[in-house]
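# Examining the three-dimensional arrangement
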Amino acid sequence: MRIQLKQAVSLLQSGNVVSIPTETVYGLAAWIHSPDAIAQVFQLKNRPAINPLILHLAKTDQILHYVSSVPDEFFSLAKAFWPGPLTIILPVNTQKVPSIARAELETCAFRIPSHPIAQQLLEHVWPLVAPSANLSGRPSSTKAEHVEADFGQAFPVLDGGFAIHGVESTIIAHIENQWQIVRQGAISQEALALHLGYVPEKNDSKKQSLSEKPLCPGQLFRHYAPNARLVLSEQPYSKGMAEIVVGFSDRHYPGATKVYSLGSSQNSQEAAFSLYDVLRRLDLDGVVSAWVDMQLPKDGLWQTIHERLSRAANR
Ligand code: TXA
Ligand code: MG
């Protein structure tokens, strides 16, 4: 059910869960002062309780109320990238953020979305916890129809049109005196490097030892995956190789009966924008197996697209 801003504010303030638009993907939002609604977010998504949520706010100075300290360069990163698709993990004031939202960690992830409707909403009701609005493990939602497909037509969605980035925010954390990327996303490693003056390392939660708490628990789980089996190939397509192809509009796949296009192979933003819609359409069409053209550049946003497809293929 599509709702207006005013309804979204009152539903959130009265303890309900509402789907909200952001510039990355749609979120499943609850007000931080509604513990039942936060619990419901986990239930609706079937999300493990050990996977913490991101706190969304309208302005950087509001965040200071919830943290116990901020590391070097926090303000300059905030100035450079907010509002926008960057999420920053900070040590949290545990009295101010309920433990269910942060999965009992002593840190919390903060984000200031740039989507104009999200900004307007957050002027009225904040902070909002908001994981991506999809069933756990499945492709995220980049339009209202995707949210309704996962949570039903009656579920309240504040419609903000297409999510322009199409992939989630990049998450960074300050570890041993350096910023590291704990989840790749809409902001590239290069863009962060340009700002920081060094290349932030990509921290792979899977490579951590078992005794350590994972830096980004969500990275441990199955993610972004359609029911269709994805066969990733870095080799060029040769005639008749596969019937169903996920590929690019400027390449040819002779013999394929259907090509799901991620747009031009020269345009990473278009590919990111189309990605989850394509993965969802495979399932809507009942596709069992699709060959995915992975002859992709390795820089910029392509790194994120590569990572998302690799995880989506991992069953
Ligand atoms: O673009 C986005 O970030 C979207 C929109 C709705 O804002 N949100 C989103 O939330 O992607 P979610 O819950 O799907 O992914 C959040 C990720 C999870 O992998 C979680 O483990 C990680 O952030 N995370 C949250 N709090 C954390 C913390 N304190 N420390 C480490 N990782 C954290
Ligand atoms: Mg998610």
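Description of the structure in this document. (Residues numbered from 1 in each chain as written. Chains lettered and ligands numbered in written order. Predicted model: local features only at pLDDT ≥ 70, side-chain atom pairs only at ≥ 80, totals over all residues. Heavy atoms only, no water.)

## Side note on the packing of helix H4 (residues 74-81) against helix H7 (residues 189-196)
For the pair H4 and H7, the least separation of the axes is 11 Å and the interaxial angle reads 130 degrees. In terms of axis orientation, H4 runs oblique to H7. Crossing angle aside, the handedness with which H4 passes H7 is right-handed. Along its contact with H4, which presents Ser76, Leu77, Ala80 and Phe81, the element H7 presents Ala191, Leu192, His195 and Leu196. Residue classes in the contact of H4 with H7 are distributed as six nonpolar, two polar and no charged. (Axes fitted to C-alpha atoms, helices over the stretch in contact; angles between N-to-C directions. Helix = DSSP H or I, 4+ residues; strand = E, 2+ residues; numbered from the N terminus. Parallel < 35°, antiparallel > 145°, perpendicular 65-115°, else oblique. Left-handed = near helix turned anticlockwise from the far one by under 90°. Contact = heavy atoms within 4.5 Å. Nonpolar A, V, L, I, M, F, W, Y, C, P; charged D, E, K, R; others polar.)

## Things to note about the site of ligand 1
Contacts to ligand 1 come from 27 residues, most closely from Thr24, Asn51, His56, Ser169 and Leu215. Interatomic distance of 2.9 Å between a side-chain N/O atom of serine 132 and an oxygen atom of ligand 1. Taking serine 169, its side chain carries an N or O atom lying 2.5 Å from an oxygen atom of ligand 1. Expressed as a share of its isolated accessible area of 680 Å², the protein-covered part of ligand 1 is 98%. Of all elements in the fold, only strand E4 (54-56) and strand E6 (107-111) reach the threshold of two or more residues within the shell around ligand 1. Considering each element in turn, the shell around ligand 1 owes the most residues, four residues, to E6. In the shell around ligand 1, the residues fall into 15 nonpolar, eight polar and four charged. (Near = heavy atom within 4 Å. Polar contact = N/O pair within 3.5 Å; in protein donor to acceptor, adjacent residues only side chain to side chain. Areas by Shrake-Rupley, 256 points an atom, 1.4 Å probe, with all protein chains shown as cover.)

## Considerations on the sheet that holds strand E14 (residues 258-261)
Taken in spatial order, the four strands make up an open sheet running E12-E15-E13-E14, and their pairing is parallel. The sheet terminates laterally at strand E12 (229-233) and E14, the two strands that pair on one side only. Between one strand axis and the next, the sheet turns by 25 degrees as a mean value, whatever way the strands run. Contacts from helix H8 (residues 268-284) reach E12, strand E13 (244-247), E14 and strand E15 (289-293) within the one sheet, and its direction differs from that of E14 by about 150 degrees. Against the sheet, helix H9 (residues 301-313) makes contact with E12 and E15, and its axis sits at roughly 135 degrees relative to E12, the strand it touches most. (Pairing = 2+ DSSP bridges.)

## Structural notes on the pattern of salt bridges
Scanning the model with the defined rule gives 14 salt bridges in all. Its salt-bridge partner being glutamate 234, residue lysine 298 comes within 3.8 Å of it at the nearest N-O pair. Highlighted residues: lysine 298 in the loop between E15 and H9 and glutamate 234 in the loop between E12 and E13, separated in sequence by 64 residues. Where aspartate 285 meets lysine 258, a salt bridge forms, and the shortest distance between an N and an O atom there is 3.5 Å. Residue aspartate 285 is found in the loop between H8 and E15, and its partner lysine 258 is found in strand E14; the two are separated by 27 residues along the sequence. Relative accessible area serves as the criterion here: at 43%, aspartate 285 is assigned to the partly exposed category. Given the relative accessible area of 37%, lysine 258 is considered partly exposed. Three or more residues are tied together by salt bridges with common partners; here these are Glu168, Glu307, Arg308 and Arg311. (Salt bridge = Lys/Arg side-chain N within 4 Å of Asp/Glu carboxyl O. Buried < 20%, exposed > 50% of the residue type's maximum accessible area, 1.4 Å probe, protein only.)

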